[in-house]
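For reference, the chains in residue letters:
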Amino acid sequence: MATVLVTGGAGYIGTHLLVVLQQAGHHVLVLDNFSNAAEVALDRVTAITGQPVTAWRADVRDRRMLRDLFGKHTVDHVIHLAGLKAVGESVTTPLTYIDNNVGGSVALLEEMARAGVRSLVFSSTATVYGEAVASPVGECAPTGGVTSPYARSKLMVEDVLADVAAADPRWQIAVLRYFNPVGAHPSGCIGEDPLGTPNNLMPILSQVAVGRRSSLAIYGNDYPTRDGTGVRDYLHVMDLAEGHLRAMEHMTGRPGWRVWNLGTGRGASVLEVLREYEAVLGRSIPHRFVARRPGDIAEYYADPGKAQRELGWQATRTLTDMVRDAWQWQARNPHGYSTRQKRLEASF
Ligand SMILES: NC(=O)c1ccc[n+]([C@@H]2O[C@H](COP(=O)([O-])OP(=O)(O)OC[C@H]3O[C@@H](n4cnc5c(N)ncnc54)[C@H](O)[C@@H]3O)[C@@H](O)[C@H]2O)c1
Ligand SMILES: O=c1ccn([C@@H]2O[C@H](COP(=O)(O)OP(=O)(O)O[C@H]3O[C@H](CO)[C@@H](O)[C@H](O)[C@H]3O)[C@@H](O)[C@H]2O)c(=O)[nH]1
């Protein structure tokens, strides 16, 4: 049993990861500034696993707080999810993205090194492959053509991590490039709860299904794909969370820097996801076609073969599972976590 610090652990992917880690017998600590998370989400994790979550309300850029945390707890591994993730927003506020995503990672790495903790799993993204990429996308695909400050911030951290691992051979570093995480824990207790208007397909579909939005705007039906709509590699968030556990376990005792794509290896079009949602609901979902969204590409999906071979990890959940679990979460929590409530029993 290891002690794992999860930065950004109160967020969408983080809460699902906490469940997986606790159910695998690990002790978890969370560091989150709650800029995009509800404290009550951690109580929901406890409701699923029966185990408490110790959380630090802190910014990952706050070195004093990090020093305090590493002084109080013996941490074996860090899984670094904390960061900002809205591609469009990053275009208008690039410095905020560099500060949070790059600055936060540098502060974390320095304080980890000071504390003698040298095992890190880092959340990266398939958008580092940029626009001109051919699918299926393997880890060796070029990463030169990134199109947003968000993607650039992730790529910069990947490079910093490679330099850190090269400079000190004691580091064990795993970079995970996620494709499109969707869905929720099957209990419907935790799930994706975007602040304001969601940017991504699945949460928008869920909000239309539950009546919070009137219709889905499909961005373009003239792409060179099988039905003209954009194709992505949607991945169940529980499969993604399990990928982190496998990467963390695999690294133990194996220093160096490694990268794995986490995806299913299958693409689904916007219309296919819509039809699947309608099948789960048993009714139609209002939708309309509009112009392409600037910056979107037609199609990409992962080659997950490296993760399969090296980690023994493979996504097992289907698109039906993803949609059913997304709907279960939305139906049980029509307004997400509702109010960004304080935890009932704070452990800060
Ligand atoms: N969801 C996706 O589609 C996707 C795809 C690829 C990569 N990622 C990456 O995965 C990670 C987790 O994504 P998510 O979907 O769970 O997002 P999320 O916003 O739900 O979770 C991020 C968490 O980090 C916290 N946070 C942000 N800045 C912080 C800071 N400076 N200090 C401390 N905490 C901070 C937020 O409060 C939030 O709880 C992010 O790094 C994101 O870039 C997400
Ligand atoms: O209202 C909507 C929203 C999306 N789409 C389409 O649905 C597909 C998926 O879009 P979305 O869910 O926004 O995902 P991506 O644009 O692929 O980007 C997500 O997935 C990336 C990983 O691959 C992450 O890095 C990004 O942060 C995250 O926004 C695309 O074809 C979109 O054009 C619509 O048609 N209507």
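Residues numbered from 1 in each chain as written. Chains lettered and ligands numbered in written order. Predicted model: local features only at pLDDT ≥ 70, side-chain atom pairs only at ≥ 80, totals over all residues.

**Re the site of ligand 1**
Residues in close proximity to ligand 1 total 26 residues, the closest being Gly8, Gly11, Ile13, Ala37 and Gly83. Elements with a contribution of two residues or more to the shell around ligand 1: α1 (12-23), α5 (94-115) and β5 (119-125). Ranked by residue count, the leading element in the shell around ligand 1 is α1, at 3 residues. Residues that form the shell around ligand 1 fall into these classes: 11 nonpolar, 11 polar and 4 charged. (Near = placed C-beta within 6 Å. Helix = DSSP H or I, 4+ residues; strand = E, 2+ residues; numbered from the N terminus. Nonpolar A, V, L, I, M, F, W, Y, C, P; charged D, E, K, R; others polar.)

**Observations regarding the site of ligand 2**
Near ligand 2 lie 21 residues; those nearest to it are Thr125, Asn200, Leu201, Tyr219 and Gly230. Sort the elements by how many residues they give to the shell around ligand 2 and strand β8 (residues 216-219) lands first, with 4 residues. Here the residues of the shell around ligand 2 sort into 11 nonpolar, 6 polar and 4 charged.

**Description of the environment of His250**
Note on placement: His250 falls in helix α8 (residues 237-251). Each residue touching His250, except ones within four places of it in the same chain, is listed here: Glu310 and Leu311. (Contact = placed C-beta atoms within 7 Å.)

**Thoughts on unusual backbone geometry**
Leaving glycine aside, a negative phi is the common case for residues, and trans is the common case for peptide bonds. Of the consecutive residues Ser135 and Pro136, the connecting peptide bond is found in the cis state with omega at 0°. Relative to the helices and strands, Pro136 resides in the loop between β5 and α6 (149-167). Backbone geometry at Phe34 places phi at a positive 60°, although glycine is not the residue there. Summarising the element assignment, Phe34 is placed in the loop between β2 (27-32) and α2 (40-49).

**Overview of α2**
Those residues of α2 lying buried are Ala41, Leu42, Asp43, Arg44 and Val45. Structurally, α2 contributes buried residues whose contacts are with α1, β2 and β3 (54-57). Phi for Gly50, located one or two positions after α2, is positive at around 75°. (Buried ≥ 20, exposed ≤ 12 C-beta atoms within 10 Å, placed from the backbone.)

**Notes on the pairing of strand β1 (residues 3-7)**
Where burial is concerned, most of β1 is hidden: 4 out of the 5 residues are buried. Pairing geometry for β1 and β2, over 5 bridges, is parallel. Its bridge partner being in β2, Thr7 is matched across the sheet by Leu31. Handedness of the crossover joining β1 and β2 through α1 is recorded here as right-handed. (Pairing = 2+ DSSP bridges. Right-handed = clockwise from strand over helix to strand, strands pointing away.)

**Description of the packing of α5 against α6**
Here α5 crosses α6 at 20°, and the two axes come no closer than 9 Å. Judged on the interaxial angle alone, α6 and α5 are roughly parallel. The interaxial crossing formed by α5 with α6 has right-handed handedness. On the side of α5, the interface is formed by Pro94, Tyr97, Ile98, Asn101, Val102, Ser105, Val106 and Leu109, while α6 contributes Pro149, Tyr150, Ser153, Lys154, Met156, Val157, Val160 and Val164. (Axes fitted to C-alpha atoms, helices over the stretch in contact; angles between N-to-C directions. Parallel < 35°, antiparallel > 145°, perpendicular 65-115°, else oblique. Left-handed = near helix turned anticlockwise from the far one by under 90°.)

**Things to note about the nonpolar core**
The biggest cluster of nonpolar side chains holds 97 residues, and the ones touching the most others in it are Val6, Val30, Phe122, Ala174, Leu176 and Leu205. Among the elements that make up this core, the one with the highest residue count is α8 (8 residues). Once you skip the residues sitting within four places of it in the chain, Ala174 turns out to touch Val121, Phe122, Ala247, Met251, Arg258 and Trp260. (Core = buried A, V, L, I, M, F, W, Y, C linked by C-beta atoms within 7 Å.)

**A look at the packing of helix α7 (residues 201-209) against helix α11 (residues 319-332)**
Packing of α7 against α11 leaves a shortest axis separation of 10 Å and a crossing angle of 50°. With respect to their mutual orientation, α7 and α11 come out oblique. Here α7 runs over α11; the crossing is right-handed. Taken together, the residues of α11 that come into contact with α7 (itself represented by Met202, Ser206 and Ala209) are Ala326, Trp327 and Gln330.

**Overview of the confidence of the model for the protein chain**
Do not read the predicted coordinates in detail wherever pLDDT is low. Per-residue confidence for the protein chain averages 95 on the pLDDT scale, and 97% of its residues sit at or above 70. Note on residues 340-348: pLDDT under 50 across the span, and 16 contacts to partners over four residues away in sequence or across chains. At the level of chain-chain contacts, confidence expressed as ipTM amounts to 0.97, with global pTM at 0.97. (pLDDT = per-residue confidence, 0-100.)

**Some remarks on the environment of Leu319**
By secondary structure assignment, the location of Leu319 is in helix α11. Those residues in contact with Leu319 that lie beyond four places of it in its chain are Tyr234, Ala268 and Glu276.

**So, the sheet that holds strand β11 (residues 256-262)**
Read across the open sheet, the 7 strands follow the order β3-β2-β1-β4-β5-β6-β11; overall the sheet is parallel. For this open sheet the edge positions go to β3 and β11, each flanked by a neighbour on one side alone. Within the sheet, the average angular offset between the axes of one strand and its neighbour, ignoring direction, is 20°. With respect to the sheet, α5 is in contact with β1, β4 (77-80) and β5, its orientation differing from that of β4 by roughly 180°.

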